[in-house]
Structures are given as structure tokens and as C-alpha cells.
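Residue-level listing of the chains:
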Amino acid sequence: MYDTSAEPLHVGGLVIDIHPVPGRKSVRVTVERDARIVAAVPPGADRETLESLIRTRLPWLYTKVRDREADVEQRPRRRFVDGEGFYYLGRSYRLKTVDETPRPVALVEGRLRLRRDCKDSASEVLVAWYAERGRQWLPRRISPWADCLEAPPADLLVRPLGYRWGSCSDRGALNIHWAVMQLPAALVDYVLVHELAHLHEPNHSPNFWRMVARALPDYEARRDRLEEWGAGVWLPGEVTLSHTPVCKKNV
């Protein structure tokens, strides 16, 4: 039987992270947006069986990894100069550096204002701004979808999730990436509905997609649009919400 504490599988020159999922009955292999390969497997899955299954998918994996790596290389980088565009809920706002504003970042009169003394920590203060916006906006947005799906009460946390839009914890809490606040509202809705459906069904089973379709009949079109948007959202390299933004003066 496969030891869940063992090292990831190495097959055909690829590294596959193994994630045992309680209650799962089949193997699901995905290539994350950072080109990392993840296999969600039933607890106790046999190692040799996993290797054999992954070998049958190597042609698809090679193609998908190459595409993901190309997306990462093309991901937009920011210089934090005046006029540079940053998306918020699907609309691009131009950055403007200002000498005085009550907060390090503020959206005022259609411009995203960055206080000049915070420019050296622009990534950190902008991530913190997106996260705070998410904590204010997302609970109101998710409420009708939770009612629609009859989802059990759950905490909603806005945090960095690498290249995942959302996830569910073992305790049923919903984790949403701060970067979803760059997406159009219709695509944010898809992320929220997707994670709410996971509160009922942990796997991407036919029943899971039926629940998603009940709330969003056009979910496939939204999923395709999310794939397109995913390559263009701003994700700074090593910034996390645990970092304390540093400006040259106290706020």
C-alpha cells in the first residue's frame, strides 16, 4: 500500500505530488497553474498502480506542463509606475503615486492611488489592499449562492493559495485567494459556487458538477473564461498575507 508520508512519485521525468483524500474512490491528476502536477488519490492507494496510471497519461501531462510553464513565463510583471493598470473586479484601474492618502493604497475617482512612501513595498501593500477588499466584499457575494446550494455554515478566509483560486479545509472552512478580486464578478461567482459545492461533495464527481450547474447553468463557459483570465492576473512572487507592509512612516 502507498505510504502517504513517502516522497512524491517520479514518472517519465516528471514529479507528481500525491494528496490522499478521505472518501475518494478514484485518482484525479491535475496540472496546477504553476505547472505543478498533483494527484488526488484514495487513502492507501497502491504505489505501483499509481505509477502505471500516470504513465498512461504522460503525453497529456507533457503537453499540459509545457503550456503551464509558458503561461508562467508570460505572466505580467509590475513596475509600480504611474499609469500602470491593475485589475479590480474585472476593470483595469491606472496606478497613481501620491504624496498623501490616509491608507497606503486607495481607490479614488477611478485611480488606484499608491502612497509614495510605500512604493518600496508596493507588492505587499497592494496584496493587503486586495485581501481587505475581499474580506469586505466576498461574504456579501457568497451569501445568496450559499442559500441556493443549501451549503452548511462555513468560515470564509481570504489568503494566498499559490495558484489555486480556492479550497476547502478539513473543517469545512472556505479559503479564497485574494487574487480573485482581480476577476470579473461573474468569474468570482464561479469560484465561490465551486467551493460551496465542495462542502457537499469533496470530489469532482458527476453529482458535484450537477450541483454547480444548478446554481450556474453556464458554468462551463465561466470555467473557460476563468482559464483565460488565470494567465493574466497579477501574482507577485513571494508576497504572502503574513508579511507586514512596510512604509516610511506609520499610518
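Residues numbered from 1 in each chain as written. Predicted model: local features only at pLDDT ≥ 70, side-chain atom pairs only at ≥ 80, totals over all residues. Heavy atoms only, no water.

1. Things to note about the environment of arginine 28
Mapped onto the elements of the fold, arginine 28 is located in strand E3 (residues 28-31). The spatial distance from the C-alpha of arginine 28 to the C-alpha of alanine 39 is 5.5 Å, given a sequence separation of eleven residues. Arginine 28 has contacts with Val38, Ala39, Ala40 and His204, leaving out every residue within four places of it along the chain. Within the local environment of arginine 28, its side chain forms a polar contact with the side chain of histidine 204, the two groups lying 3.4 Å apart. (Helix = DSSP H or I, 4+ residues; strand = E, 2+ residues; numbered from the N terminus. Contact = heavy atoms within 4.5 Å. Polar contact = N/O pair within 3.5 Å; in protein donor to acceptor, adjacent residues only side chain to side chain.)

2. Some words on helix H5 (residues 206-215)
Within H5, burial applies to Phe208, Trp209, Met211, Val212 and Ala215. Burial along H5 is one-sided: seen end-on, the buried residues are contained in an arc of 155°. Of the exposed residues in H5, the ones pointing more than 90 degrees away from its buried face are Pro206, Arg210 and Arg214. Buried residues along H5 sit against helix H3 (122-148), helix H4 (185-200) and helix H6 (219-230). (Buried < 20%, exposed > 50% of the residue type's maximum accessible area, 1.4 Å probe, protein only. Arc of directions from axis to C-beta.)

3. A look at the pattern of salt bridges
Enumeration over the complete set of coordinates arrives at eight salt bridges. A salt bridge links arginine 47 to glutamate 51, with the nearest nitrogen and oxygen atoms 3.6 Å apart. Of the two residues, arginine 47 and glutamate 51 are both situated in helix H1 (residues 47-56); the distance of four residues between them amounts to about one turn of the helix. Residue arginine 116 pairs with aspartate 99 through a salt bridge whose shortest N-O separation is 2.6 Å. Taken together, the positions of arginine 116 in the loop between strand E8 (111-115) and H3 and aspartate 99 in the loop between strand E6 (91-98) and strand E7 (105-108) put the pair 17 residues apart, joining distant regions of the chain. Take aspartate 99: its relative accessible area is 51%, and that puts it in the exposed class. (Salt bridge = Lys/Arg side-chain N within 4 Å of Asp/Glu carboxyl O.)

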